[in-house]
Amino acid sequence: MDAEAIGIGSRPDVKVPARATSAHAAGWALRSAVAADIEAIAELRATVMRADLERLGRYDEHRVRQRLRDSFSPQHTSIIVMDRELVGCVTIRPAEGRQWLEHFYLAPHHQGQGLGSAVLRTVLEGTDAQGMTVGLNVLQGSAARRLYERHGFVVEAQDPIDVFMMRPPAATAGTPAKA
């Protein structure tokens, strides 16, 4: 399945109805990523991941950006915008019989106010509609893990650095979920 089939990264400037209770989460949109977004996303990644990577003794000023550059996939990535400002991104990429949620970053001043939940809910509605399991990994001790757990992700495996999580598709109107 490609990103277009689930509505992520497929249409420019798609307005998404905000259902979050926070007024802050209202008024956001997804647009398809383009190659020119790579440096802004690499900087966002470095900012968002710095504290967790430093805590784990893994922060490297160059590597944190290069890992994004090496795996950036504009066709599977959506940019989260508010008031025409890039405030985040999310990648949903097919691999290994599931969708992989990657590079889900929000600018720090937009975190903790319902926007991440609203975006994640939209992404998961698309994967649920396709009957797809979603996998991800999150750094040990990251606050993002709580967000994923609230949205039905469970731990599959972990090591000293990463926690690998998955979420089977939610059942839809009389259709049993596939694992």
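Residues numbered from 1 in each chain as written. Predicted model: local features only at pLDDT ≥ 70, side-chain atom pairs only at ≥ 80, totals over all residues. Heavy atoms only, no water.

Visitor: Please set out the pattern of salt bridges residue by residue, giving values where relevant.
Guide: Per the counting criterion, the structure on display carries eleven salt bridges. Between Asp37 and Arg31 there is a salt bridge, with its nearest N and O atoms 2.8 Å apart. Judged by its relative accessible area of 8%, Asp37 is buried. Among the ionic contacts, a cluster of salt bridges with common partners joins Glu43, Arg50, Glu54, Glu61 and Arg65. (Salt bridge = Lys/Arg side-chain N within 4 Å of Asp/Glu carboxyl O. Buried < 20%, exposed > 50% of the residue type's maximum accessible area, 1.4 Å probe, protein only.)

Visitor: Describe the pairing of strand β7 (residues 154-158), with residues and values.
Guide: Remember that side chains alternate between the two faces of the sheet whenever the strand is regular. The pairing of β7 with strand β8 (residues 162-167) spans four bridges and is classified as antiparallel. Each residue of the ladder has a partner; that of Gln158, found in β8, is Val163. The antiparallel pairing of β7 with β8 creates a hairpin that spans three residues between the two strands. (Pairing = 2+ DSSP bridges. Helix = DSSP H or I, 4+ residues; strand = E, 2+ residues; numbered from the N terminus.)

Visitor: Which residues make up the environment of Leu44, and what are the values?
Guide: With respect to the helices and strands, the residue Leu44 is situated in helix α2 (residues 38-55). By relative accessible area, Leu44 is classed as buried at 10%. With sequence-adjacent residues up to four places away left out, Leu44 is seen in contact with Leu86, Val87, Gly88, Cys89, Tyr105, Leu106 and Ala107. (Contact = heavy atoms within 4.5 Å.)

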